[in-house]
There are 4 protein chains.
Amino acid sequence: MTKRERIYKIIEKAEDGDTPSAVFDWFIIILICLNIAAVICSSFDNVNNRYNRLFVYFEYFSVLIFTIEYLLRIWTAPYKFTLSPKWPSFLSYVRFIFSFMGILDLCAILPFYLPFVIIDLRILRILRLVRLLRVFKLTRYNKSFDLIGRVFKNEKDKLFMTFFIVGIMLLLAASVMYAVENVVQPDEFPNILATLWWAVVTLTTVGYGDVYPVTVLGKLLSGIISILGIILIALPSGIISSGFIKEYERKKEKRKRRRKNVRLVGEIKRGK
Amino acid sequence: MTKRERIYKIIEKAEDGDTPSAVFDWFIIILICLNIAAVICSSFDNVNNRYNRLFVYFEYFSVLIFTIEYLLRIWTAPYKFTLSPKWPSFLSYVRFIFSFMGILDLCAILPFYLPFVIIDLRILRILRLVRLLRVFKLTRYNKSFDLIGRVFKNEKDKLFMTFFIVGIMLLLAASVMYAVENVVQPDEFPNILATLWWAVVTLTTVGYGDVYPVTVLGKLLSGIISILGIILIALPSGIISSGFIKEYERKKEKRKRRRKNVRLVGEIKRGK
Amino acid sequence: MTKRERIYKIIEKAEDGDTPSAVFDWFIIILICLNIAAVICSSFDNVNNRYNRLFVYFEYFSVLIFTIEYLLRIWTAPYKFTLSPKWPSFLSYVRFIFSFMGILDLCAILPFYLPFVIIDLRILRILRLVRLLRVFKLTRYNKSFDLIGRVFKNEKDKLFMTFFIVGIMLLLAASVMYAVENVVQPDEFPNILATLWWAVVTLTTVGYGDVYPVTVLGKLLSGIISILGIILIALPSGIISSGFIKEYERKKEKRKRRRKNVRLVGEIKRGK
Amino acid sequence: MTKRERIYKIIEKAEDGDTPSAVFDWFIIILICLNIAAVICSSFDNVNNRYNRLFVYFEYFSVLIFTIEYLLRIWTAPYKFTLSPKWPSFLSYVRFIFSFMGILDLCAILPFYLPFVIIDLRILRILRLVRLLRVFKLTRYNKSFDLIGRVFKNEKDKLFMTFFIVGIMLLLAASVMYAVENVVQPDEFPNILATLWWAVVTLTTVGYGDVYPVTVLGKLLSGIISILGIILIALPSGIISSGFIKEYERKKEKRKRRRKNVRLVGEIKRGK
């Protein structure tokens, strides 16, 4: 095993008994958790004022580690994405950089190197939270995570369609509501974009209560929207539900086919 | 191919490589989106005052295009709804005009030609939003859209029944609540119709918080209604869920039967 | 056909072409709807003051009709509940009187004859609303109504269990919340029973916003309760969902078995 | 039957006709319910002041009974957890003490013996409520309770994963929201931990209305979170739904296999 392959083994999920790899995994998990804790703590004004320097040093340290890890992952990409020899080998690197996990890793360090970046640094630091997903791939929840991902992937067209229908309903509801309530409550429903806020809050059944209709027509409309909202909550629920059942049946069928093949092979052998 | 058939091909979903048809499709999609943007923008008072004339001209232009498109669709209806020769050919036109999509298209232009119409023009302009559904039929989400539509169609009796039960529960809850809370909060629960507003907001679990019971009996009742509300949210969810699974099984069975037929045909041929 | 059987046919669901029966069905449907309208209208103070006498007369008339209908239904019970000859015939009457629909019908008229009854007459009049369920049994939604009823019946143990778990969670949440928030908000959380109101409003995700925790511990608890609330909404949804699918599979299997039987009978005949 | 076995039979679920056992079961059920009633009643200040002594005596009595019951259950553990002879017999006791029900029973009495315990006694008394779960195992709802438990157990990985994703989303939403709204509403969104309260209330669609965004960016974010909240409600619903269906199919298959085995045994016998 070359040095490069050994490093690949270490930064990937630890195999049983591979202590250095397990240590590395846990080190990264703890570092990410500390990062999240740092973001939360530094949002308390008094804590931030007192330990500001500590947070800055910790940030330098984290970015350093994550950068080294990122570079190592690029370097060992050929072990992860093995390609047929007819493709040029640099494609492995490209594939890692543009993979979901690769982009995730880059997002966790890039903002630090772009001092002129506009977005708040705290937000980007919290984005490291998403890196936890990578960590989770290491664990025994791996299979559940993959299954949920697969269900969403299989049903993504239907879920997208649902969101599209939701979007149309929101726009329609906001437009009609604006026309109905704007005269009575010009401050709460000043224009269609602002009325969209009411539409979202109602359709998702959150109902903060900061904006609500007061006219009879507005209340009637709001009632219809809320009841349609129940259907809209039911739609993704039904889609995901059937998605899980499909996955279950697919797995069952695969197992059945495998068992049948084993039996067939056995019969052929005995026939010999 | 006659000129009429060519025009039919253009206004229908573009086939691969049919550039004029694809251009037409995108032109209509963009025009609809611009219409929606215009409705939203013109709801801002300051924008509307400044660019009022622009919005009027754009409205003239849009209605002109949509009218031409509507007339072309009527003209090419015989290609869409091919009938057996024994029926008079004008039935194709009638069928398009009274189809779901035909009515949708008419709704998007009719109000313009009815200056004495009462409803707010802005609402009717936003109705063009619904035309997006036609646009969506052009895309690769076509199948998901059809599937969702089919599930709702298959389960429509059960969903209707659910809404009927919801309706009865709303009326019952509002009546009892009115009798209980009217004495203490005559302003919030002035009559049964007004109390229906509370019932809808509670049963759909929106809960704005503008009206809520204050008496012990009222709170008890409200609690029961909310818990029954969970069941009511579960009912359409279960119906739609089973609807999707049925569709999936139907598709699977159809595929199995087709495969079986192919095998049978093969055996018959070999038998020969 | 005896006169009694003819009357039974009339008050039951109309068969195709049986005009008197259809007229009777529609007369009852309209009368029930008018009753509901009367209850709603008489809840408006000004309407009630002006047309009070009209409402009273209409009440007399409705109760008269419903009483006659109820007595006719008792009289024709033997046609509805045909019993084996070994049972005494009066059991048919008993069975109707204690059937779900029989009790429903009695509830719609009984309060009128009990002038000393405590409950508000308006509430009991609105109970006639529930009679609509009988009406619905007449229609083509009959099957959907029965299917939903059957699913609830099959899954009633699980649904009951869900409500029991919900009840325990509500009590637990209210008790802990009372201990946590009572010190800070003695008016909003005065005792455990009052805190139950908060628990129900939170667990069902209604969230009126009249009572909510302000302490950190209370908010933490409330967050946990809300997230568990999602699971509780998911539980009946899953139960009902699987209930519908079971019903669908049962129907499919029954159809398959029937088809198989037909084939077997055919083979046996041909074998002869 | 030894005395110990007889006592085991009594404290376990009563068999038909075993009156002493049934009496014991009902005695415990009623004692638990009275305990809950006592907790609720003693939360009313005026009731607590007047009957304080009564509540204390009842507490002594309840703890005495529950302690005796707990000791008896330990004593009879070898009948519940029968072990193969090669294991030392004291393992039965250990197994009971660390079983779910054993810990539950201990929790119901332990706090009484720890006078220096910090937590409010009322909370711990209400914990006896959870003992109702044991009671429920006695009843005919036993099967539903077990089924729901099994579904949660089978799907626990997926449900845990869902909660993990919810957790990440909550942290992300709170962090971004804090950065957006903190400037405008420093009192409502003082730090990320406090903003988590808003995130939970929104994502679970409770929406009390005590904290809500006022900036355009904040409202946009809140809208996205609410719509994602619908998906998150759909996820456990879909998981549990498929869990129930799997259980149903497993049961069906088991029945089928058993029937097949019966037939095979019959054929073998006839073959003989």
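## Description of the relation of the copies chain D and chain C
Here is step 1: Superposing chain D onto chain C takes a rotation of 90° plus a shift of 0.0 Å along the axis, which leaves an RMSD of 0.1 Å. Here the copies are linked by what is in effect a four-fold axis.

## So, the side chain of Lys-158 of chain D
Here is step 1: Structurally, the position occupied by Lys-158 of chain D is in helix α11 (residues 156-181).
Here is step 2: A residue is classified by how much of its surface remains accessible, and Lys-158 of chain D, at 9% relative accessible area, is buried.
Here is step 3: Excluding residues within four positions of it along the chain, Lys-158 of chain D makes contact with Ser-144, Leu-147, Ile-148 and Phe-244 of chain A together with Ile-239 and Lys-246 of chain D.

## Digging into the relation of the copies chain B and chain C
The relation between the two copies of this chain is a rotation about an axis and a shift parallel to it.
Here is step 1: Rotating chain B by 90° and moving it 0.0 Å along the rotation axis overlays it on chain C with an RMSD of 0.1 Å.
Here is step 2: Of all interface residues in chain B, a mere 17% are interface residues in chain C too; the two copies therefore contact each other through different surfaces.

## Description of the pattern of salt bridges
Side chains that differ in sign of charge can pair as their charged atoms come close.
Here is step 1: Applying the stated criterion across every chain yields a total of 32 salt bridges over all chains.
Here is step 2: For the salt bridge of Glu-69 of chain A with Arg-73 of chain A, the shortest nitrogen-to-oxygen distance reads 2.7 Å. One end of the pair, Glu-69 of chain A, and the other, Arg-73 of chain A, are both in helix α3 (residues 45-75), 4 residues apart, so they sit about a helical turn from each other.
Here is step 3: By relative accessible area, which is 3% here, Glu-69 of chain A ends up buried.
Here is step 4: Close ionic contact of Asp-18 of chain D with Arg-6 of chain D constitutes a salt bridge, the shortest N to O distance being 3.0 Å. One end of the pair, Asp-18 of chain D, is in the loop between α1 (3-11) and α2 (19-42); the other, Arg-6 of chain D, is in helix α1, with 12 residues separating them in the sequence.
Here is step 5: Taking the relative accessible area as the measure of exposure, Asp-18 of chain D reaches 14% and is therefore buried.
Here is step 6: Overall, the relative accessible area of 28% leaves Arg-6 of chain D in the partly exposed class.

## A look at the nonpolar core
Here is step 1: The biggest cluster of nonpolar side chains holds 171 residues, and the ones touching the most others in it are Trp-198 of chain A, Leu-170 and Trp-198 of chain B, Trp-198 of chain C together with Leu-170 and Trp-198 of chain D.
Here is step 2: Of all the elements, helix α10 (residues 156-181) of chain C adds the most residues to this core, at 10 residues.
Here is step 3: Not counting residues up to four positions away in its chain, the partners in contact with Trp-198 of chain B are Ala-173, Met-177, Phe-189, Val-211, Tyr-212, Pro-213, Ser-222 and Ile-225 of chain B together with Tyr-208 of chain C.
Here is step 4: Core analysis: the next-biggest nonpolar cluster, separate from the first, contains 59 residues, Ile-231 of chain A together with Leu-147, Met-161 and Ile-239 of chain B among them.

## Examining the interface of chain B and chain C
Here is step 1: Listed as interface residues are 46 residues of chain B and, on the opposing side, 44 residues of chain C.
Here is step 2: It is Met-161, Ile-230 and Ile-231 of chain B that lose the most area in chain B upon contact with chain C, and together they represent 13% of the buried surface on that side.
Here is step 3: In this structure, the connection of chain B to chain C is made through 8 residue pairs in polar contact (both at pLDDT 80 or more).
Here is step 4: Broken down by element, the side of chain B that touches chain C gets its largest block of residues, 19 residues, from helix α13 (residues 216-271) of chain B.
Here is step 5: A class-by-class count of the residues in the side of chain B that touches chain C yields 25 nonpolar, 14 polar and 7 charged.

## Some details on the packing of helix α3 (residues 45-75) of chain B against helix α5 (residues 90-97) of chain B
Residue and element names in this part refer to chain B.
Here is step 1: It is the contact of α3 with α5, at a shortest axis distance of 9 Å, that shows an interaxial angle of 140°. Judged on the interaxial angle alone, α5 and α3 are oblique. Contacts from Tyr-70, Arg-73, Ile-74 and Trp-75 in α3 reach Tyr-93, Phe-96 and Ile-97 in α5.
Here is step 2: Residues that form the contact of α3 with α5 fall into these classes: 6 nonpolar, no polar and 1 charged.

## Remarks on the confidence of the model for chain A
Here is step 1: Averaged over all residues, the pLDDT of chain A is 83; the fraction at 70 or higher stands at 89%.
Here is step 2: The spread of mean pLDDT over the elements of chain A runs between helix α8 (residues 121-126) of chain A, the lowest at 60, and helix α12 (residues 192-203) of chain A, the highest at 90.

## Topic: helix α6 (residues 100-113) of chain C
All names here are of chain C.
Here is step 1: Between its first and last C-alpha atoms α6 spans 21 Å; for 14 residues at 1.5 Å apiece the expected length is 20 Å, and the two agree.
Here is step 2: At Cys-107, α6 is deflected by roughly 35°, the largest bend along its length, and proline Pro-111 occurs up to four residues later in sequence.
Here is step 3: Of the positions making up α6, those classed as buried are Met-101, Gly-102, Leu-104, Asp-105, Ala-108, Ile-109 and Pro-111.
Here is step 4: Sitting at the head of α6, Ser-99 places a side-chain oxygen 3.1 Å from the backbone nitrogen of Gly-102.

## Quick notes on the interface of chain D and chain C
Here is step 1: In this complex, chain D contributes 44 residues to the contact, which on the side of chain C involves 46 residues.
Here is step 2: Interface of chain D and chain C: buried area, both sides summed, is about 4100 Å²; carbon and sulfur atoms make up 76% of it.
Here is step 3: In this structure, Lys-252 of chain D and Glu-249 of chain C form a salt bridge, with 2.8 Å as the shortest nitrogen-oxygen distance.
Here is step 4: The tally of links from chain D across to chain C stands at 8 residue pairs in polar contact (both at pLDDT 80 or more).
Here is step 5: Contributions of two or more residues to the side of chain D that touches chain C are made by α2, α8 (121-126), α9 (132-136), α10 (142-154), α11, α12 (192-203) and α13 (216-271) of chain D.
Here is step 6: No other element matches the 11 residues that α13 of chain D contributes to the side of chain D that touches chain C.

## Overview of helix α6 (residues 100-107) of chain B
Here is step 1: What α6 of chain B keeps buried is the set Met-101, Gly-102, Leu-104 and Asp-105 of chain B. Each buried residue of α6 of chain B lies within a common arc of 160° when the element is viewed along its axis, so the set occupies one face.

Conventions adopted
Residues numbered from 1 in each chain as written. Chains lettered and ligands numbered in written order. Predicted model: local features only at pLDDT ≥ 70, side-chain atom pairs only at ≥ 80, totals over all residues. Heavy atoms only, no water. Least-squares fit on C-alpha atoms with pLDDT ≥ 70 in both. Helix = DSSP H or I, 4+ residues; strand = E, 2+ residues; numbered from the N terminus. Buried < 20%, exposed > 50% of the residue type's maximum accessible area, 1.4 Å probe, protein only. Contact = heavy atoms within 4.5 Å. Salt bridge = Lys/Arg side-chain N within 4 Å of Asp/Glu carboxyl O. Core = buried A, V, L, I, M, F, W, Y, C linked by side-chain atoms within 4.5 Å. Buried area = accessible area lost by both parts, 1.4 Å probe. Polar contact = N/O pair within 3.5 Å; in protein donor to acceptor, adjacent residues only side chain to side chain. Nonpolar A, V, L, I, M, F, W, Y, C, P; charged D, E, K, R; others polar. Axes fitted to C-alpha atoms, helices over the stretch in contact; angles between N-to-C directions. Parallel < 35°, antiparallel > 145°, perpendicular 65-115°, else oblique. pLDDT = per-residue confidence, 0-100. Expected span 1.5 Å × (residues − 1). Bend = angle between axes of the 7 residues up to and from the residue. Arc of directions from axis to C-beta.

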